[in-house]
Each structure stands twice: as structure tokens, then as C-alpha cells.
Protein chains: 2
Amino acid sequence: MAVGLNPPAKLAPVQGIELGIAEAGIRYSNRADLVVLSLCEGSTCAAVFTKNKCCAAPVTLARDHLAAASVRALVINSGNANAVTGETGMRNAEQSCAMVAQAMGVDASQVLPFSTGVIGEQLNMSAMTSGIPQAVANLDVDNWLSAAEALMTTDTIAKAVSTTVTLAGKPVTITGMAKGSGMICPNMATMLAYVATDAALPQALLQECLHRGVDDSFNRITVDGDTSTNDALVLMATGKSGFELKDLESEVGQQFYNALERVLVELATAIVRDAEGATKFVRIDVRHAERVDDAKAIAFSIAHSPLVKTALFASDPNWGRILMALGKADVSALEMSRVNIQIGDVALIVKGEPATTYHEALGKQVFSQAEIGITIDLGLGAASFHVWTSDLSHDYVSINADYRS
Amino acid sequence: MAVGLNPPAKLAPVQGIELGIAEAGIRYSNRADLVVLSLCEGSTCAAVFTKNKCCAAPVTLARDHLAAASVRALVINSGNANAVTGETGMRNAEQSCAMVAQAMGVDASQVLPFSTGVIGEQLNMSAMTSGIPQAVANLDVDNWLSAAEALMTTDTIAKAVSTTVTLAGKPVTITGMAKGSGMICPNMATMLAYVATDAALPQALLQECLHRGVDDSFNRITVDGDTSTNDALVLMATGKSGFELKDLESEVGQQFYNALERVLVELATAIVRDAEGATKFVRIDVRHAERVDDAKAIAFSIAHSPLVKTALFASDPNWGRILMALGKADVSALEMSRVNIQIGDVALIVKGEPATTYHEALGKQVFSQAEIGITIDLGLGAASFHVWTSDLSHDYVSINADYRS
């Protein structure tokens, strides 16, 4: 199913980070569904959370704990989102943190909880109670892949990536994992993702890296325009490599950021490649806009259009729908007579009119590919934006009409 | 296919309005695809058009003609949208008006052109040239139903409605027709619709009726969130009934407006009932919001969510998705602890938490019906808004993946 996406290659451990996994039986039996991640003392941690106003209990609690204490552990379950679960849901999230804290000998406020799965049902606390000690018991630096598998819900493939770069003569590793394939429209991270490095970064710099990184990756993907109640992206730095980053604008700072961005983009696009029912992986570039917000509005208007997405599914270069979606974006500066559009390498619209060189067979050839680029040049200014998205297929409907059954 | 929608009942003619139909062969042969509508001298006419920035040549021209002259005729074709067709497209729209003007003995500036169908292809002018005189030759007051049929593209059923009310002792008729079932998200009228009355209304009052009426009807429907390049709604008043409306706030004014609103709501909801692939007809009411815009943002967030729409298709009361869509609407005033939600007559959420009386079988019963009401009470203020929408089915994907083939 996933478009051009292979199982994760060998993942490099991040010194200072250990992961433990359990088959807790939260929703289904005989599958890993619980992860405990431990951070060594002295690590820094930054996170972004869903902007959905109806956010889940663990999101609220994780936000509070992150602000209050130095983070020493994460506890993550799949199968249940613990969202719209009221006071009981909050108590269950608190109790999960307390159980991890007890098993690890840290304070409950140093544990961040995360949940993903069905909304509106209470978390199975007997599963958590038996699963947490099991997960803590098998904490290991080499468990990234098993952890990525334990996070999966409608994902068809585990998503994780590693990179190692040499910074100031020291090898620095960044490894991350993510889950998500539906309810994907970023407004901060829109799924669960955990990225760790053995570089040392002070809290403020880590936060800056995270915000820049999210803007360049997870905030540029959409599957269905729906924003989940539970999304979170956590970035952790253990310092165990001996490399300490002090300034993001320095040469090593830029090298570090580029490596981090590669990891984040690879995880974010992996989610789109594994989007529910996806048969196409599409990048939409909007260039020469007056303002970034204009470019963004147009890119997402096209990426969210069900009519564009069904045309992509059909490999049908029904490009009028791209124009429709361009025009419906509320961008007052738009002047059709300045617009150029390319699909793949094929010129489609030149100065607002169909290119004289365009013919259907050329468009069909581009739209038949599994990976498609659409470039809109507004001819107005210097701002640009791009998004990655997927098509809308019968399988998207099947997956989402059948998900709970 | 269409949900709870029957073929139009007997349509009352509107004195002063005649309609002529032709099988012009614009895209397909052996089907009516061209309508000419004539208005008697002294009629008034008001219209709203798509806000899509990439609007079609006929939209631009109709807007100009409406501003310049008293309208005496409309020419409407299906099968081709004459959108993104550049200068040639504009010349073709002008020529179509000129041909109608010549056949009817009026000025070309008194003719409004409308097109619906595929975007980005030039209009078949030889079909228009042979079709227009044919349509003018069979102008008749009784042709509303045939005209509604000629407008259809992916519609499965013709949409038209009549009402007759007695105002100041005089019978006043309002008859309208509409087409549309996909690329439906209102920002003004989002399709083609033509409504006429034999009441007399001065231009300013007609315009006021139109704007109020559109806000209460076509601006409250969505199928797929996509706004077409060609949408238009035209309201015409011939004055032939002898009843003249002078004040919308008077008692007869309100009676007239109520009758007009009924016609507009019936046409607008007919489009949703006949939405591409629809198996469900859904009304979403948001009540007790602080501001109408907040209620509207939430109503459309739910109505546009592919995850809510696929759950509706599956008759699966996966109500977490409703909460997700509520929360992702950008409404800062939202306080989950004040929110009550009902589906049909069943309480789902009470003060932000699942109702203790709710159980799955109750939800399943509501979601299995063909017509579903979802009511969100925000518990904040006095503003409200409602929208009508449809579900997202396999047939929606099939129709839009196959439409051009």
C-alpha cells in the first residue's frame, strides 16, 4: 500500500535513550501496544502538541509535566486515544505516569503520557497496570524498531529513521520514529513522533530546533485535512555524544539542523506515503507568492480538495480541478494572467491559459506515476511553500468506514 | 441514489418567463444541453456568482452585463464550463450572447451567459450556433422541468420547485430550478440556480431578497468543500402577478420572503440529497455560540471532515470524529466542559463528557437512518448556524475518478 516506502533500515541507537515494549492488550491481544522510553539524567526535551481544542487527557497532562519538571520517561500506548474521557481519563493518564515513575524510580511529573487510537473510550487500566512493568523490564537502547511497530494503528508499515553526522569531530546520531496515516492535517505535529539525539542542546535551543523543524516537515503534510486530538512530537537530546550545540546559526549548528530536518521530513513524508488508502505521493509547490501565507493557503487548498485527490487516484489529468482549488483559496493578490502551472516537467498553464504545448497524453503520463509534483508559480513575489499529500481512493473510504469494526 | 428526493412535482409557470431547450450536442449527443430563458420587458433581475478567483468567462461576462443593462435573456449550457479558456473563451461567451440577442431582438448586453461542465476546454461553438435558434424557437412558459433536465451534469435527478402564495389578495408564484451535485461548497451560490417570481420587486429589494435568501440556503450546503468556477444563482421578478413588493419588513414582505426561502432551501437541499455518491442527508446544527462565525466554523469543520463523512457512510456512530472536527475548528471561545451534543434525539455528550445514558446501540440506530441530525450546543451565547451535507462513499470516489472517462 505505502507509496515508495520501505521498512526502516537499521536504526542507530541514541546513547542515553532506552525503549521498552509490552503486549499490554489495551485493545487487541497478541500485539505490542505499549512503549516506555527512558531518558538519561541531564537530557533536555521539547515537544509540540495538537492545536485541536478538544485535546486528549494525556496531551493536557504531558504539556503540564513538560513545563514543570525535567523529563525522564515517556509512556505511549496505541489502541485507545484517552480523548473525550473526562475526569476519569485524566486520572488514568496520571495513574499511568505514576506507575512508570514507580517502576523507574523517578517522579510522576517527570513522565509524559501519550495515547493514540479510538476516541471516547476509557483506557484499559488493567492492561496498563500489567504492561508498564513489562515494558520497563525490557528497556534497551536497540528497541527503536519494535517501539515504532508498537505505535502503529492504521499504519501499514513502521516508520523510523536514523542519521549520523560528524559535528566538531564527533559522531552525532539522530533517530526518530512516528506513527500516523489518517486524521492527518498538521497544526503542530499531527500524529505521534519521537526524535532523539545524543547531541547536547540547552532547552531553549532544542525548542527552537523543534519549532523550525516542525514548520519544515510535519506542518507541511496532509492526508485528509483532519487534525487529531492526540498529536504530539517530542524532541529529546541526551548529550551522550559529547557534542554540545550552542548556536543554531553557526556552521555546525546549520549542519545539525539540516540533519534533524532530514529526519523530520523523512518521518513526515513516511506518514503521507503510508496515508490511508494512498496510491499516490504528491508534492505541491507554490512559488513566487506575495506572502508565505498565500502560498500556504493555495498549497493546502489543492492538497485538501477531494476532487483533485480523486483525479490523482484515477491518474486522470483533470487539471481544471487544480485551477478550481487554486481559485477557491482566499488569496486576493492572485492574478490568473500571471499564473504558470507545471505537473511534473510538463507545462500546463502559461500566464493563466492552457499551454499550447500541452496535450492530454503528456498529462496522463505524469498523473500515472506513483510520485507526482505539481508546481504553481503565482508570478507575484518571493514567497513560497510546499506540502506533501496523498490521493483519495476507494481504500481510504473502506479503511475509514470499517476502522472500528 | 438521491436521498429522500423525488422528481419535481408539477411546476407552476411564472408569467413573463419563457424557457427554450435544445439538444445542441455540446459534449454529448441526444441529450438536451442548452437552455434559453427569456424575461419580459420590465422584469428585474439579481444574481450572485462564485467567489472562486479562477472564475469562468461566462461568470465575468454575466456580472458585467447585469451591471450594464436590464436583463432580457439567459443562455445556459451544460457539458462545458468555459473556464480557464482565456481570450477565446471570453469571445465565445460574447458570441453566445450576441446570437441569443439576434434571435430574440434584444441587445447582447441584455443577455447573461452561464456554463457548467468540464473546465479547460473551449466551448463547441458550432453546437451553440445551431442550438441557440432551436432553443429560442421553442420558448414556452411551461418548460421549467425540461430546462432543469438540460442543466444536469453528474446530477441523478432534475431539481426544481414551485410555490404559490396569496399576497395582498393576489396569487404570487415562485418557481426555481438548480443543478449541482459535486464541487459543492458555498461561497455565494455554488452551482447554477434560477428562481423567478411574478411579483414585482424593484432592483434593490430583489438584491436584498437574494442575499438574505442565499445566506439562508445555498451558503449552508456542502458536499465536498470544493467551490466551482462557474456557480451562479439568478433571481428574477416579472411583476406579472400584479403584486408589487415594496418593503421586505412588512407583513406581506415577510410572507413573500418566507415563500422564497422555502424555494431556495428546497433547491439547495435537493443538491445535497443528490450529492455525488450520497447515501445520507445530514443537518448539523450548532447552537448557543458566542458569534455566528464560530457556529459556522464548527458546522463546516464537521461537515467537511472526511472522517466524519466516512463514519456516516458506514452508519458507524464513531462520534470521536465529531469531537475531533469540533476541536479542530479554530474557535478560541470553545470550552469543552460546556458542550452538549445530540445525534438525532440521543444525548451523546453532556458538559463535555460522554452521556451516562449513551450506548452504542442508540448511536447505531441514529446513524443507520438516511436522514441524520447532529446538534452541537456550545453553551456560550445566543448565536447559531446550521449546514446541510452528505456522506463520503465509495460512489463519490468512483464518480469523481471516472467523471471524464
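In this convention, every chain numbers its residues from 1, walking through the sequence in written order. Chains and ligands are labelled by the order in which they are written, letters from A for the one and numbers from 1 for the other. pLDDT decides what is reported in this predicted model: residues at 70 or higher carry local features, side-chain atom pairs at 80 or more are listed and counted, and totals for whole chains, interfaces and linings draw on all residues regardless. The basis for every side-chain value is the complete set of heavy atoms in the structure, and neither hydrogens nor water enter the calculation.

1. Section: the relation of the copies chain A and chain B
Argument step 1. Once turned by 180° and shifted 0.0 Å along the axis, chain A lies on chain B with an RMSD of 0.0 Å. Both copies of the chain, as the preceding transformation shows, are related through a two-fold rotation axis. Distance from the rotation axis, computed per C-alpha, reaches its smallest value in chain A at histidine 394 of chain A: 2.8 Å.
Argument step 2. Two residues qualify as a contact provided that any one of their heavy atoms is within 4.5 Å of a heavy atom in the partner residue. Most of the interface of chain A is mirrored in chain B: 98% of its interface residues are interface residues there too. We superpose the copies by least squares over the C-alpha atoms of residues that have a pLDDT of at least 70 in both of them.

2. Quick word on the nonpolar core
Argument step 1. By size, the foremost hydrophobic cluster in this structure holds 166 residues, and its most contacted members are Leu74 and Phe114 of chain A together with Leu74 and Phe114 of chain B.
Argument step 2. Aside from chain neighbours lying at most four places away, what touches leucine 74 of chain A is Val35, Val36, Leu37, Leu39, Leu112, Phe114, Tyr194, Val234 and Met236 of chain A. Side-chain atoms within 4.5 Å are what join buried Ala, Val, Leu, Ile, Met, Phe, Trp, Tyr and Cys residues into a set we call a nonpolar core. The buried label goes to any residue with under 20% of its type's maximum accessible area, the exposed label to any with over 50%, and the partly exposed label to all in between, with areas taken from a 1.4 Å probe on protein chains only.

3. What about the interface of chain A and chain B?
Argument step 1. The interface of chain A with chain B comprises 55 residues on the first partner and 54 residues on the second.
Argument step 2. What counts as buried area is the accessible surface, traced by a 1.4 Å probe, that two parts surrender upon association, with contributions from both included. Counting each side, the surface lost to burial between chain A and chain B is near 4,200 Å², with a carbon and sulfur contribution of 59%.
Argument step 3. Each salt bridge in this description consists of a side-chain nitrogen of Lys or Arg and a carboxyl oxygen of Asp or Glu lying within 4 Å of one another. Our count for the contact surface shared by chain A and chain B stands at zero salt bridges.
Argument step 4. Pairing of N or O atoms within 3.5 Å defines a polar contact, subject to two protein rules: one partner must be a possible hydrogen donor and the other a possible acceptor, and residues neighboring in sequence count only if both atoms are side-chain atoms. On the surface where chain A and chain B come into contact, there are five residue pairs in polar contact (both at pLDDT 80 or more).
Argument step 5. Strands here mean DSSP runs of E at least two residues long; helices mean DSSP runs of H or I at least four residues long; both are numbered from the N terminus. Only α2 (86-104), α8 (306-313), α9 (320-328), β14 (353-354) and α11 (394-402) of chain A provide two or more residues apiece to the side of chain A that touches chain B.
Argument step 6. Amino acids outside the nonpolar list (Ala, Val, Leu, Ile, Met, Phe, Trp, Tyr, Cys, Pro) and the charged list (Asp, Glu, Lys, Arg) are all regarded as polar, and Gly is one of them. In terms of residue class, the side of chain A that touches chain B is made up of 24 nonpolar, 18 polar and 13 charged.

4. Focus: the sheet that holds strand β6 (residues 159-167) of chain B
Residues and elements named next belong to chain B.
Argument step 1. For two strands to be treated as a pair, DSSP must find at least two bridges joining them. Pairing is mixed in the open sheet, where five strands are placed in the order β3-β10-β8-β7-β6. With partners counted over all chains shown, the strands left at the sheet margins are β3 (44-49) and β6, one partner each. Averaged over all pairs of adjacent strands, the angle between their axes in this sheet comes to 10°, without regard to strand direction.
Argument step 2. Direction of pairing for β3 relative to strand β10 (residues 232-237): antiparallel, over a ladder of six bridges. Bridge pairing links cysteine 45 to methionine 236 in β10. Working convention: axes come from line fits to C-alpha atoms, limited for helices to the stretch in contact. Angles between N-to-C directions cover 0 to 180 degrees.

5. Here we look at the pattern of salt bridges
Argument step 1. The tally for this structure, following the rule as stated, stands at 14 salt bridges over all chains.
Argument step 2. The shortest N-O distance in the salt bridge between arginine 338 of chain A and glutamate 335 of chain A comes to 3.2 Å.
Argument step 3. Glutamate 371 of chain B is the partner of arginine 273 of chain B in a salt bridge, and the nearest nitrogen-oxygen pair spans 2.6 Å. Pair noted here: arginine 273 of chain B is in helix α6 (residues 251-273) and glutamate 371 of chain B is in strand β15 (residues 371-377), with a separation of 98 residues, a long-range link.
Argument step 4. According to the relative accessible area criterion, glutamate 371 of chain B is partly exposed, its value standing at 39%.

6. So, the sheet that holds strand β8 (residues 192-197) of chain A
All names here are of chain A.
Argument step 1. What the five strands build is an open sheet, ordered β3-β10-β8-β7-β6; its pairing is mixed. A strand with exactly one partner marks an edge of an open sheet, and here the two such strands are β3 (44-49) and β6 (159-167). The average undirected angle you get between the axes of adjacent strands in this sheet is 10°.
Argument step 2. By the bridge criterion, six bridges tie β8 to strand β10 (residues 232-237) in an arrangement that is parallel. By the bridge assignment for β10, alanine 196 is matched with methionine 236.
Argument step 3. On the sheet, helix α4 (residues 144-151) packs against β6, β7 (170-179) and β8 and is oriented at approximately 20° with respect to β7.

7. What about the packing of helix α1 (residues 57-68) of chain B against helix α2 (residues 86-104) of chain B?
Residue and element names in this part refer to chain B.
Argument step 1. Interaxial distance between α1 and α2 falls to 8 Å at its minimum, and their mutual angle equals 50°. Judged by the angle between their axes, α1 and α2 are oblique. Seen along the crossing, α1 lies across α2 with a hand that is right-handed. Counted together, Ala57, Pro58, Thr60, Leu61 and His65 of α1 and Gly89, Met90, Ala93, Glu94 and Cys97 of α2 form the full contact between these two elements.
Argument step 2. Looking at the contact of α1 with α2 residue by residue, the classes come out as six nonpolar, three polar and one charged. Here the angle decides the label: under 35 degrees means roughly parallel, over 145 means roughly antiparallel, 65 to 115 means roughly perpendicular, and every other value means oblique. The crossing is said to be left-handed when, going from far helix to near helix, the turn is anticlockwise and less than a right angle, and right-handed when the turn is clockwise.

8. Regarding the domain arrangement of chain A
By a widespread convention, an interface's size corresponds to the accessible area lost as its parts come together.
All names here are of chain A.
Argument step 1. Domain annotation of chain A identifies domain 1 (17-273) and domain 2 (281-402).
Argument step 2. One C-alpha centre belongs to domain 1, the other to domain 2, and the line joining them spans 33 Å.
Argument step 3. Between domain 1 and domain 2, the contact holds 16 residues from the first and 14 residues from the second.
Argument step 4. Across the domain 1 to domain 2 interface the summed buried area is about 1,200 Å²; carbon plus sulfur atoms make up 62%.
Argument step 5. The interface formed by domain 1 and domain 2 includes one salt bridge.
Argument step 6. The interface formed by domain 1 and domain 2 includes one residue pair in polar contact (both at pLDDT 80 or more).
Argument step 7. Those elements that provide at least two residues to the side of domain 1 that touches domain 2 are β9 (221-222) and α6 (251-273).
Argument step 8. Top element by residues in the side of domain 1 that touches domain 2 is α6. It accounts for four residues. Reported domain spans reflect what an automatic or database domain assignment gives.

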